[in-house]
Amino acid sequence: MINTLEVIHNFNAGPSILPKTVFEQASQSVLNYNNTGLSILEIGHRTNTFQPIMDEARALLKELMKLDDDHEVLFLHGGASTQFMQVPMNLLNEKETAAFSDTGVWSSKAIKEAKLFGNVEVVCSSKESNYNYIPKDFAVPNDAKYFHITTNNTIYGTQWQKIPHTSNSMVADMSSDILSRELEFNKFDLIYAGAQKNIGAAGVNVVVVNKNCLGKVKRSIPTIMDYRNHIKEGSMLNTPPVFAIYVCMLTLRWLKEQGGVAAIEKINNEKAVLLYNEIDANALFTGTVAKEDRSKMNVCFVMDNATIEEAFLTFAKENNIIGIKGHRMVGGFRASLYNALPMESVKYLVELMKAFALKYA
Ligand SMILES: *Cc1c(COP(=O)(O)O)cnc(C)c1O
């Protein structure tokens, strides 16, 4: 039995931790939204109760990402996985080529779907070493319609530290590191992210698209798949995921209160340094990826002596740490340090690693 008064340190990879204040406000709103006497779950989306929520969520995202007027923000259904098909459907003609970097399972899923709509050229891959680094030497053909990268590889714990801006249009899956660090977001023609890692609740997908790159494909696009229709209707072409968008709005408000992306990036860097330093210093643990490509969001590590990994997981669980079991593709451990994870949780994990090492050394 877990005593609900005890602090749980939640390192889940997704859906994952959100700020406590967001949980408090969201739960209050399920009972009585803003003193309307109605639950957030029972209000119409085309009402002047919900419209301000949608407007604020969109405005906050534009502000936090410093987006220019060419970039539109959409809140769509279907998770990041739907974008694997929706992006090429809207951007890639049948005879054209899209360039992809293959840095993990999510990239390869995006590659598979893009092939249904046009030609795909995989310009680099780290598959041969179980995706434990970010490829460095590669060229993107000038005539590629766009170049797709996955900025942070959630499963393997690698992250593009420098975005390889080429002369091509850029498309990025930022599901697991959006708003965690400052990037020149306007340089991307399209960014997509499932909300459940760093923005809010599961069930909504954020898409940021430069409207100038739309309307250039010859195929007929089903109404619900055409970004232009969602822009025109303000993400209300059909019933949007009302509650999930509300939770995003609350989380974005929280992020702004923390000082925005630059401020959270500083804390994210400190959290990552603290944990990686312990992994490097502690004789029991080893990081799984190339040091220069280490993710600040998903920290993957193993034990040299794999026979005691289970014991560490049990030890962690007994001490209220959850979500650090590694993905089956990598094994070992993965600690996800998203924006909402407090520094205290990282310090606590580091203390446990030290204590465990004393026990087993
Ligand atoms: C989690 C994740 C996805 C899949 O997101 P869904 O919303 O479940 O479709 C895609 N890409 C990356 C980088 C992810 O971390």
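Note that residues are indexed from 1 along each chain, following the sequence as it is written. pLDDT decides what is reported in this predicted model: residues at 70 or higher carry local features, side-chain atom pairs at 80 or more are listed and counted, and totals for whole chains, interfaces and linings draw on all residues regardless. As a rule here, side-chain values cover all heavy atoms of the structure and leave hydrogens and water aside.

### Regarding the packing of helix α7 (residues 260-281) against helix α9 (residues 343-360)
- To obtain each axis, a line is fitted to C-alpha atoms, and for helices this fit is confined to the stretch in contact; angles are then taken between N-to-C directions over 0 to 180 degrees. For helices the rule is a DSSP run of H or I covering at least 4 residues; for strands it is a run of E covering at least 2, with both sets numbered from the N terminus onward. Two elements in contact, α7 and α9, have axes separated by 9 Å at closest approach and are oriented at 5°. With respect to their mutual orientation, α7 and α9 come out roughly parallel. Listed contacts from α9 to E270, K271, L274, L275, E278 and I279 of α7 are M343, V346, K347, L349, V350, M353 and K354.
- Residue composition of the contact of α7 with α9, grouped by class: eight nonpolar, no polar and five charged. Here is the rule for angles: anything less than 35 degrees is roughly parallel, anything more than 145 is roughly antiparallel, 65 through 115 is roughly perpendicular, and the remaining ranges are oblique. In this description, contact between two residues means that some pair of their heavy atoms is separated by no more than 4.5 Å. Gly counts as polar in this scheme, as do all residues outside two lists: the nonpolar Ala, Val, Leu, Ile, Met, Phe, Trp, Tyr, Cys and Pro, and the charged Asp, Glu, Lys and Arg.

### With respect to the domain arrangement of the chain
- Domain annotation for the chain reports domain 1 (23-257) and domain 2 (260-360).
- Each of domain 1 and domain 2 was reduced to a C-alpha centroid, and the two centroids are 27 Å apart.
- Contact with domain 1, which involves 26 residues of that partner, is made by 25 residues of domain 2.
- Of the roughly 2200 Å² buried between domain 1 and domain 2, counting both surfaces, carbon and sulfur atoms make up 53%.
- Salt-bridge contacts for D293 lead to K136; the nearest nitrogen and oxygen are separated by 2.8 Å.
- Any pair of nitrogen or oxygen atoms within 3.5 Å is treated as a polar contact; in protein, a donor-acceptor pairing is required on top of that, and neighbouring residues in sequence qualify only through side-chain atoms on both sides. Scanning the region where domain 1 abuts domain 2 turns up 16 residue pairs in polar contact (both at pLDDT 80 or more).
- Elements with a contribution of two residues or more to the side of domain 1 that touches domain 2: β7 (158-159) and α6 (242-257).
- A total of three residues in the side of domain 1 that touches domain 2 trace back to one element, the largest contributor, which is α6.
- Here the side of domain 1 that touches domain 2 is built from residues that sort into nine nonpolar, 11 polar and six charged. Domain start and stop positions are those given by an automatic or database domain assignment. By definition, the buried area sums, over both parts, the 1.4 Å-probe accessible area that each loses when the two are put together. Salt bridge, as used here: a side-chain nitrogen of Lys or Arg that lies within 4 Å of a carboxyl oxygen of Asp or Glu.

### Comments concerning the sheet that holds strand β8 (residues 169-173)
- Strand pairing follows a simple DSSP-based rule, namely that at least 2 bridges must link the two strands. Here we have seven strands laid out as an open sheet, ordered β2-β10-β9-β8-β5-β3-β4, and mixed in their pairing. On the outer flanks of this sheet lie β2 (71-76) and β4 (119-125), each paired with one strand and no other. Taken over all neighbouring pairs, the strand axes of this sheet differ in orientation by 15° on average, direction set aside.
- Pairing analysis gives two bridges linking strand β3 (residues 97-102) to strand β5 (residues 146-150), with the strands arranged parallel. Bridging from a neighbouring strand, A99 pairs with F147 of β5.
- Its contacts with the sheet place helix α3 (residues 79-91) against β2, β5, β8, β9 (190-194) and β10 (205-210), and it is angled at close to 160° to β9.

### Quick word on the pattern of salt bridges
- Applying the stated criterion across every chain, the model contains 17 salt bridges.
- Across the pair K211 and E72 runs a salt bridge, and its minimum N-O distance is 3.5 Å. With K211 in the loop between β10 and α5 (227-232) and E72 in strand β2, the pair connects residues that are 139 residues apart, well separated along the chain.
- In this scheme, a residue with accessible area under 20% of its type's maximum is buried, one over 50% is exposed, and one in between is partly exposed, where area comes from a 1.4 Å probe on protein chains only. Since its relative accessible area comes to 37%, K211 is described here as partly exposed.
- Judged by its relative accessible area of 18%, E72 falls in the buried class.
- Put simply, E184 and K187 hold a salt bridge, and the shortest N to O gap is 3.7 Å.
- Residue E184 is classed as exposed on the basis of its relative accessible area of 51%.
- Take K187: its relative accessible area is 44%, and that puts it in the partly exposed class.
- A cluster of three or more residues bridged by salt bridges with shared partners is formed by K136, E292 and D293.

### Points about unusual backbone geometry
- The omega torsion across G14 and P15 is -10°, close enough to zero to call that bond cis.
- For P15, the location among the structural elements is in the loop between β1 (9-10) and α1 (20-31).
- Positioned with a positive phi, N34 is a non-glycine residue whose angle comes to about 50°.
- Relative to the helices and strands, N34 is located in the loop between α1 and α2 (51-64).
- The residue K66 is not glycine, and still its phi comes out positive at about 50°.
- In this structure, K66 sits in the loop between α2 and β2.

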